[in-house]
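A look at the structure
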Amino acid sequence: MFAEVVVGGKYKLVQKIGYGTFGDIYLAFNINTGQEVAVKVESQKAKFSKLVIESQIYKILEGGVGKDKFRMF
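Residues numbered from 1 in each chain as written. Predicted model: local features only at pLDDT ≥ 70, side-chain atom pairs only at ≥ 80, totals over all residues. Heavy atoms only, no water.

For the chain, an unreviewed UniProt entry supplies the name Protein kinase domain-containing protein and the organism Marmota marmota marmota.

Laid out in structure tokens, this is it:
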């Protein structure tokens, strides 16, 4: 395990559950609502944030077929 980490002031990371090309994926909880979410983080050393582009693509796809439970925050 690791020290308690809160991302974006509202998501408490619980444990690493995987990784992707652009970062590590953690099980997390919204500290305001208790909702369980997955959070992907990338190194602060990255020259250009690939996660910004990835999130923009997901927002375009949000609500599409097969994406009914997917939301970007």
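1. Some words on the overall build of the chain
Secondary structure assignment for the chain yields one helix and four strands. Mapped from its N terminus to its C terminus, the chain presents α and β elements in the order β-β-β-β-α. The buried share of the chain, taken over its 73 residues, is 16%. The contacts in the chain between residues at least 6 apart in sequence include a share of 14% that link residues at least 24 apart. (Helix = DSSP H or I, 4+ residues; strand = E, 2+ residues; numbered from the N terminus. Buried < 20%, exposed > 50% of the residue type's maximum accessible area, 1.4 Å probe, protein only. Contact = heavy atoms within 4.5 Å.)

2. What about a nonpolar patch on the surface?
A cluster of nonpolar side chains, namely Ile53, Ile57, Ile60 and Leu61, defines an oily patch on the protein surface of about 400 Å² accessible area. Owing to a relative accessible area of 69%, Ile60 belongs among the exposed residues under this scheme. (Patch = residues over 30% accessible without salt bridge, like charges linked within 9 Å, V, L, I, M, F, W, Y side chains within 5 Å. Areas by Shrake-Rupley, 256 points an atom, 1.4 Å probe, with all protein chains shown as cover. Salt bridge = Lys/Arg side-chain N within 4 Å of Asp/Glu carboxyl O.)

3. Some remarks on the side chain of Glu54
Inspection of the secondary structure puts Glu54 in helix 1 (residues 50-61). The class of Glu54 is buried, set by a relative accessible area of 13%. Every residue in contact with Glu54, bar those within four places of it in the chain, is listed here: Phe22 and Lys40.

4. A short note on the nonpolar core
Counting residues in hydrophobic clusters, the biggest one holds six residues: Tyr11, Leu13, Tyr26, Ala28, Val37 and Val39. Where this core is concerned, the elements lending two or more residues are strand 2 (11-20), strand 3 (23-30) and strand 4 (36-41). Leave out the neighbours within four places in its chain, and Ala28 touches Tyr11, Lys12, Leu13, Val14, Gln35, Glu36, Val37 and Val39. (Core = buried A, V, L, I, M, F, W, Y, C linked by side-chain atoms within 4.5 Å.)

5. Concerning the UniProt feature "binding site: ATP" (unreviewed entry) in the chain
UniProt's feature table lists "binding site: ATP" (unreviewed entry) at Lys40, given in the numbering used throughout. Note on placement: Lys40 falls in strand 4. Given a relative accessible area of 27%, Lys40 falls into the partly exposed group. Discounting chain neighbours no more than four positions away, the residues touching Lys40 are Gly20, Gly23, Asp24, Ile25, Leu51 and Glu54. A polar contact of 3.0 Å, which involves the side chain of Lys40, links it to the side chain of Glu54. (UniProt positions renumbered as here; feature names shortened; annotations may be inferred. Polar contact = N/O pair within 3.5 Å; in protein donor to acceptor, adjacent residues only side chain to side chain.)

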